[in-house]
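Each chain is listed here by its residues.
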Amino acid sequence: MRKVFYYECKRLLWNKFFFGLLLVLLFFGWQVLDRVTILGVSHTAPFSPWSFGDYLGRLLPLLWIGALFFLTFFISAKARRVSVLTDAAPVPASRYVLVRCGAALTGTFLLSLACLAEAALFYGWYFHWFDWGSLLPCALTALLPPLLFALGSGWLLSQIRPWLLYLWMALPFLLAPLPLPEALSLLNGSFFTAYPLGLDALDPGFSLPVSVLIVQCLLTVSGAGLFLAGLRKKSLHPPRNTGGGCSF
């Protein structure tokens, strides 16, 4: 299965979509860093967890789209032709599914890592600031739960109807202008600009209210649960040839 994993990673990462999305992410990310983050948000330093979290929140919709687009490679016409062979192989189909989702997770991780590396370069270049470890809790909180949820929910939707995956890509953009309650405010990034204003400190340290922490935990668990539900649905009812998907 290791060779299958390498093959799927190569198929997802060595193509024009991945490099195009990577360039768009890096370009947009630098614009955010150079025009918004450099000023600091909510009266905090540019390299505070709050300014850094605002940067990640602005990039999250693109990362969400990237994670879901990786899944479209597994519902494309080419993938369906290959599935005829894999279904006949003496290996449980669930193992192929796990390998493919592992490849999608790897691609999502690399896109996220590129955004983090760009921020690290920016902070080092402009401020000679290198305490990147202090930003790790913020990065994990802002990116890990929603992206895991994107992959889990996207996989389940792709097993129901492949075209639902494309509709699901619009979710972050629909949430962006909404006045979400504090518990859900990490989903559109507003938490990083609103919450520090209510803290009785100048440039406060990073912290999460209990309600936000609970929602992030639920997103993480739900992402895993939805993936398992999609895995079970595929094993019981393989998807029909309904069209759609990306093939490079």
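Just so it is clear, the structure is predicted and the values come from calculations on it, not from any experiment.

With that settled, consider the UniProt feature "transmembrane region" (unreviewed entry) in the protein. UniProt annotation of "transmembrane region" (unreviewed entry) refers to residues 12-33, 55-76, 97-126, 132-151, 163-180 and 206-231 when read in the numbering used here. Taken end to end, residues 132-151 is 80% helix and 0% strand, and its two terminal C-alpha atoms sit 27 Å from one another.

Attention shifts here to the nonpolar core. Ranked by size, the top nonpolar core spans 59 residues in total, and within it Leu-12, Leu-25, Phe-52, Tyr-55, Phe-70, Leu-71 and Leu-111 carry the most contacts. Elements that contribute at least two residues to this core include exactly helix 1 (2-13), helix 2 (16-35), helix 3 (49-72), helix 5 (93-127), helix 6 (136-160), helix 9 (191-194) and helix 10 (210-236). Among the elements that make up this core, the one with the highest residue count is helix 3 (14 residues). When near neighbours in sequence (up to four residues on either side) are disregarded, Phe-70 contacts Leu-12, Leu-13, Phe-17, Phe-18, Ala-104, Gly-107, Thr-108 and Leu-111.

The next point concerns the side chain of Asp-54. As for its placement among the helices and strands, Asp-54 is situated in helix 3. For Asp-54, a relative accessible area of 5% puts it in the buried group. A distance of 2.9 Å separates polar atoms of two side chains, one belonging to Asp-54 and the other to Arg-58. If we ignore the near neighbours within four places in the chain, the residues touching Asp-54 are Val-36, Val-41, Phe-192 and Thr-193.

For the rest of this paragraph, the subject is the layout of surface pockets. Counted as a void, the second largest pocket has a volume near 270 Å³. Considering the residues around the second largest pocket, the lining is formed by 14 residues, among which Phe-109, Ser-112, Leu-143, Leu-144 and Leu-147 are closest to the centre. Within the residue set of the lining of the second largest pocket, elements represented by two or more residues are helix 5 and helix 6. Considering every element that reaches the lining of the second largest pocket, the biggest residue donor is helix 6, with eight residues. Residues of the lining of the second largest pocket, tallied by class, amount to 12 nonpolar, two polar and no charged.

What follows concerns the pattern of salt bridges. Applying the stated rule across the entire model yields three salt bridges. Here Arg-11 makes a salt bridge to Glu-8, at a shortest N to O gap of 3.0 Å. One end of the pair is Arg-11 and the other is Glu-8, both in helix 1 and three residues apart, which spans about a single turn. A relative accessible area of 10% means that Arg-11 is categorised as buried.

Bringing empty space enclosed by the protein into the picture now. As enumerated under the stated definition, the model contains two cavities of 30 Å³ or more in all. Contributing to the lining of the second largest cavity are Thr-141, Ala-142, Pro-146, Leu-186, Leu-187, Gln-216 and Leu-219. Those elements that place two or more of their residues in the lining of the second largest cavity are helix 6 and helix 10. Among the residues forming the lining of the second largest cavity, the class breakdown is five nonpolar, two polar and no charged.

This part is about the side chain of Ser-158. The topology assignment puts Ser-158 in helix 6. A polar side-chain atom of Ser-158 sits 3.1 Å from a polar atom in the side chain of Gln-159. Residues in contact with Ser-158, not counting those within four places in the same chain, are Ile-75 and Leu-165.

Turning our eyes to something else, we now look at the packing of aromatic side chains. Counted by the stated rule, this structure contains 30 aromatic pairs. Taking 5.2 Å as the distance between ring centres and 15° as the angle between the ring planes, the aromatic pair formed by Phe-47 and Trp-129 counts as stacked. In this pair, Phe-47 sits in the loop between helix 2 and helix 3 while Trp-129 sits in the loop between helix 5 and helix 6, placing the two residues 82 residues apart along the sequence. Take Phe-47: its relative accessible area is 27%, and that puts it in the partly exposed class. Aromatic pair Phe-130 and Trp-132: ring centres 5.6 Å apart, planes at 75°, arrangement edge-to-face. By relative accessible area, which is 41% here, Trp-132 ends up partly exposed. An aromatic cluster is defined as three or more aromatic residues linked by ring pairs; in this entry it consists of Trp-30, Phe-47, Phe-52, Tyr-55, Phe-122, Tyr-123, Tyr-126, Phe-127 and Trp-129.

Conventions we followed
- Residues numbered from 1 in each chain as written.
- Predicted model: local features only at pLDDT ≥ 70, side-chain atom pairs only at ≥ 80, totals over all residues.
- Heavy atoms only, no water.
- UniProt positions renumbered as here; feature names shortened; annotations may be inferred.
- Helix = DSSP H or I, 4+ residues; strand = E, 2+ residues; numbered from the N terminus.
- Core = buried A, V, L, I, M, F, W, Y, C linked by side-chain atoms within 4.5 Å.
- Buried < 20%, exposed > 50% of the residue type's maximum accessible area, 1.4 Å probe, protein only.
- Contact = heavy atoms within 4.5 Å.
- Polar contact = N/O pair within 3.5 Å; in protein donor to acceptor, adjacent residues only side chain to side chain.
- 1 Å grid on protein atoms, 1.4 Å probe; cavity = no way out; pocket = protein on both sides within 12 Å on 5 of 7 lines; lining within 4 Å.
- Points joined across faces, edges and corners; volume = space filled by probe spheres on them.
- Nonpolar A, V, L, I, M, F, W, Y, C, P; charged D, E, K, R; others polar.
- Salt bridge = Lys/Arg side-chain N within 4 Å of Asp/Glu carboxyl O.
- Phe/Tyr/Trp six-rings, centres within 6.5 Å; stacked < 30°, edge-to-face > 60°.

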